[in-house]
Amino acid sequence: MQHWARRLEQEIDGVMRIFGGVQQLREIYKDNRNLFEVQENEPQKLVEKVAGDIESLLDRKVQALKRLADAAENFQKAHRWQDNIKEEDILYYDAKADAELDDPESEDVERGSKASTLRLDFVEDSNFKNKVNYSYTAVQIPTDIYKGSTIILNELNWTEALENVFIENRRQDPTLLWQVFGSATGVTRYYPATPWRAPKKIDLYDVRRRPWYIQGASSPKDMVIIVDVSGSVSGLTLKLMKTSVCEMLDTLSDDDYVNVASFNEKAQPVSCFTHLVQANVRNKKVFKEAVQGMVAKGTTGYKAGFEYAFDQLQNSNITRANCNKMIMMFTDGGEDRVQDVFEKYNWPNRTVRVFTFSVGQHNYDVTPLQWMACANKGYYFEIPSIGAIRINTQEYLDVLGRPMVLAGKEAKQVQWTNVYEDALGLGLVVTGTLPVFNLTQDGPGEKKNQLILGVMGIDVALNDIKRLTPNYTLGANGYVFAIDLNGYVLLHPNLKPQVSQMGGLKRGCKPCKRGPPDSLPFLPQTTNFREPVTLDFLDAELEDENKEEIRRSMIDGNKGHKQIRTLVKSLDERYIDEVMRNYTWVPIRSTNYSLGLVLPPYSTFYLQANLSDQILQVKYFEFLLPSSFESEGHVFIAPREYCKDLNASDNNTEFLKNFIELMEKVTPDSKQCNNFLLHNLILDTGITQQLVERVWRDQDLNTYSLLAVFAATDGGITRVFPNKAAEDWTENPEPFNASFYRRSLDNHGYVFKPPHQDALLRPLELENDTVGILVSTAVELSLGGRTLRPAVVGVKLDLEAWAEKFKVLASNRTHQDQPQKCGPSSHCEMDCEVNNEDLLCVLIDDGGFLVLSNQNHQWDQVGRFFSEVDANLMLALYNNSFYTRKESYDYQAACAPQPPGNLGSAPRGIFVPTIADFLNLAWWTSAAAWSLFQQLLYGIIYHSWFHADPAEAEGNPEVRESSCVMKQTQYYFGSVNASYNAIIDCGNCSRLFHAQRLTNTNLLFVVAEKPMCSQCEAGRLLQKETHCPADGPEQCELVQRPRYRRGPHICFDYNATEDTSDCGRGASFPPSLGVLVSLQLLLLLGLPPRPQPQVHAHASRHL
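These remarks concern the structure in this document. Here the structure is a predicted model, which means the values were calculated and not measured.

Rules used in this analysis
- Residues numbered from 1 in each chain as written.
- Predicted model: local features only at pLDDT ≥ 70, side-chain atom pairs only at ≥ 80, totals over all residues.
- Heavy atoms only, no water.
- Pairing = 2+ DSSP bridges.
- Helix = DSSP H or I, 4+ residues; strand = E, 2+ residues; numbered from the N terminus.
- Axes fitted to C-alpha atoms, helices over the stretch in contact; angles between N-to-C directions.
- Contact = heavy atoms within 4.5 Å.
- Parallel < 35°, antiparallel > 145°, perpendicular 65-115°, else oblique.
- Nonpolar A, V, L, I, M, F, W, Y, C, P; charged D, E, K, R; others polar.
- Expected span 1.5 Å × (residues − 1).
- Buried < 20%, exposed > 50% of the residue type's maximum accessible area, 1.4 Å probe, protein only.
- Salt bridge = Lys/Arg side-chain N within 4 Å of Asp/Glu carboxyl O.
- Disulfide = S-S within 2.5 Å.
- Phe/Tyr/Trp six-rings, centres within 6.5 Å; stacked < 30°, edge-to-face > 60°.
- Lys NZ or Arg CZ within 6 Å of the ring centre and 35° of its normal.

A separate point is the sheet that holds strand β31 (residues 772-783). Ordered by their spatial adjacency, 6 strands build an open sheet running β27-β29-β28-β32-β31-β30, and the pairing between neighbours is antiparallel. Two strands lie at the open edges of the sheet, namely β27 (634-637) and β30 (751-753), each paired on one side alone. Averaged over all pairs of adjacent strands, the angle between strand axes in this sheet comes to 20°, irrespective of strand direction. Across 4 bridges, strand β28 (residues 706-713) lies against strand β29 (residues 717-721) in antiparallel orientation. Its bridge partner being in β29, Phe-710 is matched across the sheet by Val-720. Contacting β28, β30, β31 and β32 (786-798), helix α24 (residues 739-746) crosses the sheet at an angle of about 125° to β32.

In structure tokens, the structure reads:
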């Protein structure tokens, strides 16, 4: 076998030396040494410059934010409250007006809106990816808030003055994107004006639930939610509680910590979390699913619930926010005030706020609930029906904002958010936030107002930050990244959310729909705008101890540099490579971010073309013209932004046509063009043409059964020879996004890449000799002691012809000999050609994928994971350390949800009264009937609220994908390098196999006896991506070893001057027969009543 292995190695090396042209390309670069310079990437200088540029960019946004916040406070202070203000008195652009007019079922259309809504003209703006109007602001008001209420009209009145400040900000900084004021009343005023992206179903957008608003409106929170599940809580009330808890969880951000418990006589956590955990997306999902399993039984025991909550908040042995501490209790009512518990745990300092929620329609005395909240610096809310849930589960933020308002200028600090999806289509953004305070006083000499007016925000698109980073000087495997205090990435090449637009989290996801393979341009999908994009640095890369140290240092705001050996995943996610990387990092001053730079050692230097000779420019440029392809080979150019006026296209032929047309109008030295990119592209065009001239053109590819030869360069050129081979070229035209290119740079020797095959797809069709195997290797230059790898060259093997050649090379004959079959009485050794009925001979690559086989029936399985071809043999190779397995999780996947079960067509959870019920007066006057009618009313409006998915409520109902977690498994070569013999023993069916690595390749040569009986088909290794039902590694285990993080460095949770007298003392609404009958008549007549907003904390906002 070693003899066969040497023959294979020699054949591969010979072909690559003759046709690959590695040595010849080195000589070509040296011959053209006067046409380029070798530049150095100095990591420390690079990262400090980029960090400084990002700091300057964000600082300009900070100045605009401060101007807006100051102006808003002054405008509101000068505003005179109007009790008799009417809708027709206010003139503004309602961002949802056009959508509502188009919708005949819209509430405003039905009743006829009296508001004077502006009708605007819009122009397309590429910066906003939207149609905008720069002369006006737009207003968005949540669906469940009545636009004609006095509070909303006054809010619209005074915020109108912000329009001029928005416009002036843009004049001073034309790069500003969305400028937004999110009011605590729910009104959003943003600039420039653009129509709201109204979904086809109910629009549940509320600015107060956006990540940037939550972060700006209060300091971090430690929250314990306790839910009464005693026997009296059943039916509709329990459903209301479950929904309320889920809505409450949505008001928390990644800076907050939370736990949820249910209680009756005893208290217990609803999930597997036994202590406070970070309120990130995955933990909140665990809570939401666990809450649905709550069952009502037993008697009410407030003491058990509160003692559990206080014990949770006093646990100092865990990571937590260590700022605002609060208990949120949901109950249907009770008599016990549990004063002894408060005396023991919370008085006299009252460091824990208590918020109580009376849920459902009942006749219990709510005085104890009001007292609990008022005695503990909290607030009492009522949730009698579905419509009150959203507004009353977010109003507590006003109470938490009091210490911030009272702290004044000290609390006026800009914070920057995690990455999230912009609701208006800008893509991934971060937002700078600044709270806006109410500066009015209740009267002369009275106490200072302690209400937060809202939050001012300015968006910065991630693409604008990326433009400040080096694009192509770092090479294909170098990159810049940035993280925040949570360790979440702000910038990273692996930050590519794959969640369909507005596709909320769903249960029971189907197998993931991945993005296209690396052979196609990457087409990113948008994320669910309700969720922040929280990808941890250690999940963006393959985690190890070195990266944990780097992450901690960056979070702590330190500078650093470290060279590490680490594992990286290939671009197509099929392979793992062990590589050297240099990490350098610095903090971005005045922000919560830290910036890092990753460079492979071979990317320390790069080429910069210097084509000052215009005649040479023209000569090389001619080799880009399609008319030259027949003689010089087909050229694919990387779709980069060479010039501002260059029209992009996913079709490379069209892109090249656009490029040529533009180059006929401008020169490579034009100011509108990136001279570095253009000069390098033209230089590499000439250099690769010389490779054709010196090597490829005079060779007969058919002699060695080659379909094509190729070269790809850092400059963006991929030249494929001959021209006809380009018809079957499926690799990405951007070398930096081509898996073969990046892997060749990271690996020494020849890298084989079989055609990609999925086990679910049909086998390869071996027709017209078009199926090929890529073999590539990097071209390493050494110029004056400086080493770099500016190009990759390779060949494309004809699969069928090389499968035949493989059998000959792994046989005991030369090309001239006739094959001689060995039998029991023959004096010869068996080989892979004549004994293919007895021997299985295969070449497998370093990822475990079949490359070549001596079995004709396996030729159409080339490219498949070998376990799908011979599970028994692959398992033996793994068990004998030829392969090592690496498992990781993709938290950015998109999955199709399971179809709903056969539940019938009626709306779920809605009771429909009978005629007998309508005629029964007792039924009409009962509180139960009131609740049922309210549920019917809101069920009609919200379309089965309790079961509606956020994607269906807020997004396009045709979009059926949602975020999910996919488990990825890759295999790579283990520690065994020498040849190895072993026996696969499974009873009477033993198999002998021999395996040996081929030198200077990524191939394993395996010769094995064919399986004689089916018992040997034992375990099967899996390589394909699989969906994780529990959304990744067990969350309950992960929270026991939380990753290092730091919260914001400031906390405003206490102020001695805070007035806690406003704590929700309003009486509950008693069911009135007259009101009930009127409402039912309105229902029967089809005239919906005007919904008045549920207002508690905002009632005195005008004072």
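Before going further, it helps to spend a moment on the packing of helix α9 (residues 236-249) against helix α10 (residues 281-291). Between α9 and α10, the least distance of the axes is 9 Å, while the angle of their chain directions is 175°. One way to sum up the angle between α9 and α10 is to call them roughly antiparallel. Two secondary-structure elements touch here, α9 through Lys-242, Val-245, Cys-246 and Leu-249 and α10 through Lys-284, Phe-287, Lys-288 and Val-291. Counted by class, the contact of α9 with α10 contains 5 nonpolar, no polar and 3 charged residues.

Turning our attention to the sheet that holds strand β24 (residues 576-587). Strand order across the open sheet formed by 5 strands is β21-β20-β25-β24-β23, with antiparallel pairing between neighbours. Among the strands making up the open sheet, the edge pair consists of β21 (489-491) and β23 (560-569). Strand-to-strand twist in this sheet, taken as the mean axis angle between neighbours without regard to direction, amounts to 35°. In the sheet, β24 pairs with strand β25 (residues 594-599) via 6 bridges, with the strands oriented antiparallel. Of the residues in β25, the one forming a bridge with Asn-582 is Leu-599. Contacts from helix α19 (residues 545-555) reach β20 (479-483), β23, β24 and β25, with the element oriented near 135° to β23.

Before going further, it helps to spend a moment on α9. Between its first and last C-alpha atoms α9 spans 20 Å; for 14 residues at 1.5 Å apiece the expected length is 20 Å, and the two agree. Among the 14 residues of α9, 13 are classified as buried, and the element is accordingly described as predominantly covered.

This paragraph deals with the pattern of salt bridges. Scanning all chains against the criterion turns up 40 salt bridges. Measuring nitrogen to oxygen at the nearest pair gives 2.9 Å for the salt bridge that ties Glu-734 to Arg-640. Of this pair, Glu-734 sits in the loop between β29 and α24 while Arg-640 is found in the loop between β27 and α22 (652-663), placing the two residues 94 residues apart along the sequence. Residue class for Glu-734 comes out buried when judged on its relative accessible area of 5%. What emerges from the salt-bridge pattern is a single network uniting Asp-536, Asp-539, Glu-543, Arg-551 and Arg-1043.

By the element assignment, Val-1007 lies in strand β39 (residues 1003-1009). Among the residues examined, Val-1007 registers a relative accessible area of 10% and is labelled buried. Through-space distance from the C-alpha of Val-1007 to that of Phe-993 is 5.6 Å; in sequence the pair is 14 residues apart. When residues no more than four places from it in sequence are discounted, the contact partners of Val-1007 are Met-1, Trp-4, Cys-832, Leu-839, Leu-840, Cys-841, Leu-992, Phe-993 and His-994.

Here the focus is the state of the cysteines. According to the stated counting rule, one finds 5 disulfides in the structure shown. Residue pairing for Cys-272: its cysteine sulfur links by disulfide to Cys-1036, the two sulfurs lying 1.6 Å apart. Because the torsion about its S-S bond is -75°, the bridge between Cys-272 and Cys-1036 counts as left-handed. Separated by 764 residues along the polypeptide, Cys-272 in the loop between β11 (267-269) and β12 (277-278) and Cys-1036 in helix α31 (residues 1035-1038) bring together distant segments of the chain. Across the disulfide, Cys-374 is cross-linked to Cys-1063 (sulfur-sulfur distance 1.9 Å). The sign of the 90° torsion about the S-S bond sets the Cys-374-Cys-1063 disulfide as right-handed. Pair noted here: Cys-374 is in helix α13 (residues 367-374) and Cys-1063 is in the loop between α31 and α32 (1073-1085), with a separation of 689 residues, a long-range link. Like Cys-1063, Cys-374 is buried.

The subject of this paragraph is the pairing of strand β7 (residues 179-183). When you tally the buried positions in β7, you get 5 out of 5 residues, the bulk of the element. Burial of β7 is two-sided: the residues Gln-179, Phe-181 and Ser-183 facing one way and the residues Val-180 and Gly-182 facing the other way are all buried. Two elements, β7 and strand β8 (residues 188-191), share 4 bridges in a ladder whose sense is antiparallel. Opposite Phe-181, over in β8, you have Arg-189 as the bridge partner. Between β7 and β8, which follow one another and run antiparallel, lie 4 residues, and Gly-186 among them has a positive phi close to 105°. In the sheet, β7 pairs with strand β19 (residues 452-461) via 5 bridges, with the strands oriented antiparallel. When the sheet's bridge partners are listed, Gln-179 is paired in β19 with Ile-458.

Moving on to the packing of aromatic side chains. For the structure on display, the rule yields 45 aromatic pairs. Consider the rings of Phe-740 and Tyr-741, whose centres lie 6.4 Å apart with planes at 90°: the pair is edge-to-face. Taking relative accessible area as the criterion, Phe-740 reaches 3% and is therefore assigned buried. Its relative accessible area of 0% is what places Tyr-741 among the buried residues. Against the face of Tyr-134 rests Arg-170, its NZ or CZ located 3.5 Å from the ring centre. One residue, Lys-412, lies across the ring of Phe-437, its end atom 5.0 Å from the ring centre.

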